[in-house]
Amino acid sequence: MSAGGTGAQALRYGLAAGRTGTTTRDIPMAEGLSDPAINGRPLCSPGCAPRVLQGHDTVGYMADIPGLDRLLTALNAGETIPGASPHHEAMHAASQESLRITAELNGRYHSPEEVRALMSELTGREVPGSFQLFPPFSADFGRNIRFGADVFVNSGCRFQDQGGIDIGDGSLIGHNAVITTLNHDLAPGRRADMHPARVVIGSGVWFGANVTVLPGVTIGDGAVVGAGAVVTKDVPAGAVVIGVPAKQVGTVPEG
């Protein structure tokens, strides 16, 4: 649960504001275009091309962002991302792509199949065919989110996913959830530096509305997080937690 940098434990203060699914052949193609499209409009911006991210078991459509693979490797290793560094520049470029894709996602009605196609483009990997999401949705980065099968994400959720967000099979994420995976450095002179820490949400987890999860937290299988809770530390499997900060008040019944 280390944020991977000096003072990582102090960063919990909350300063951080092979799967199945649609293949590229199944995504509708715009007439006369070689890139996938929704309602005749291409999913990819100019320069976008289908690619596989080396070492990340991902398939999808994304802009050719220089240094993105190296950035993902650093983020997933929990390395500090210094401000104004090449990694920081790649992160910013990916964020602009995320803004473009989520603007399309949130700007008008899309069928469930179209939502999955857009989320596959956003994440750079095919989301499962059983994945469901109700827009609006936003992601700071988009490239470090992994959804299991039968996951449902309700409207208004915000994912700060640079540090990585994994959501297990059958989990339900309620309205307006905020999942954070980055903190800025506490020292004013290094405030632009960022410390990533992955959030792992197990299988069969249920979030009520307006839940906030801070960087580095793991939530065990089957846990329930009550509405409005702020999760600052790991939640055991099968626990029921509520409050600010979230505390265990019970266990999930069997059956």
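Residues numbered from 1 in each chain as written. Predicted model: local features only at pLDDT ≥ 70, side-chain atom pairs only at ≥ 80, totals over all residues. Heavy atoms only, no water.

**Describing the overall build of the protein chain**
Inclusion rule: Counting from the N terminus, the helices are DSSP H or I runs at least four residues long and the strands are E runs at least two residues long. Working definition: with a 1.4 Å probe on protein chains only, accessible area under 20% of the residue-type maximum means buried, over 50% means exposed, and in between means partly exposed. Here the open area of atoms and residues is found with the Shrake-Rupley method and a 1.4 Å probe, where only the protein chains shown may cover a residue.
When you go through the protein chain residue by residue, the secondary structure sums to three helices and 22 strands. For the protein chain, the proportion of its 255 residues judged to be buried stands at 50%. Total accessible area on the protein chain stands at roughly 11,400 Å², and carbon and sulfur atoms take up 56% of it.

**Structural notes on the confidence of the model for the protein chain**
Definition in use: Summary of the metric used: pLDDT quantifies the predictor's per-residue confidence within the range 0 to 100. Should any heavy atoms of two residues lie within 4.5 Å, those residues are counted as being in contact.
For the protein chain, the average pLDDT comes to 82, and 75% of its residues sit at 70 or higher. Contacts for the low-pLDDT stretch residues 1–61, under 50 throughout, to residues beyond four places or in other chains number 140 contacts.

**Observations regarding the pairing of strand 22 (residues 247–251)**
Convention followed: In this description, strands pair whenever DSSP reports at least two bridges between them.
In terms of residue burial, strand 22 counts as a barely covered element, since only zero of its five residues are buried. Here strand 21 (residues 239–242) runs beside strand 22; their pairing, made up of four bridges, is antiparallel. Note on strand 22: the bridge partner recorded for V241 is Q248.

**Some thoughts on the sheet that holds strand 6 (residues 137–139)**
Spatially, five strands are ordered 6-9-12-17-20 in an open sheet, and the strand pairing comes out parallel. Strands with a single pairing partner mark the edges of an open sheet, and in this sheet they are strand 6 and strand 20 (230–231). Pairing between strand 17 (residues 212–213) and strand 20: two bridges, direction parallel. Of the residues in strand 20, the one forming a bridge with T212 is V230.

**Side note on the sheet that holds strand 10 (residues 165–167)**
Pairing is parallel in the open sheet, where four strands are placed in the order 7-10-15-18. Each edge of the open sheet carries a strand with a single partner, namely strand 7 (145–147) and strand 18 (218–219). Note that strand 15 (residues 199–201) and strand 18 share two bridges and pair parallel. Across the sheet, the residue bridging to I201 is I219, located in strand 18.

**Describing the pattern of salt bridges**
Here is the rule: The rule for a salt bridge is simple: a side-chain nitrogen of Lys or Arg has to be within 4 Å of a carboxyl oxygen of Asp or Glu.
In total, this model carries seven salt bridges according to the counting rule given. Notably, a salt bridge pairs R100 with E121, separated by 2.8 Å at the nearest N-O pair. Taken as a pair, R100 in helix 2 (residues 86–107) and E121 in helix 3 (residues 112–123) lie far apart in primary sequence, 21 residues in all. Accessibility expressed as a relative area gives 27% for R100, which makes it partly exposed. R146 is paired through a salt bridge with D166; the nearest N and O atoms lie 3.8 Å apart. Separated by 20 residues along the polypeptide, R146 in strand 7 and D166 in strand 10 bring together distant segments of the chain. Connected via shared salt-bridge partners are E97, R100 and E121.

**Some points on the environment of E97**
The following threshold applies: By the criterion applied in these results, polar contacts are pairs of N or O atoms within 3.5 Å in which, for protein atoms, one can donate a hydrogen and the other can accept it, and in which residues neighboring in sequence qualify only through two side-chain atoms.
Structurally, the position occupied by E97 is in helix 2. In sequence terms E97 and R143 are 46 residues apart; their C-alpha atoms lie 9.8 Å from each other. Side chain to side chain, E97 and R100 meet in a polar contact 2.9 Å long.

**A few points about helix 3**
So the rule is basically this: Working rule for helices: expected span equals 1.5 Å times residues minus one.
With 12 residues, helix 3 should reach 16 Å at 1.5 Å per residue; the first-to-last C-alpha distance of 16 Å fits that figure. For helix 3, every residue scored as buried is listed here: E114, V115, R116, A117, L118, M119, S120, E121, L122 and T123. The positive-phi residue at the C-terminal boundary of helix 3 is G124, with phi of around 75°.

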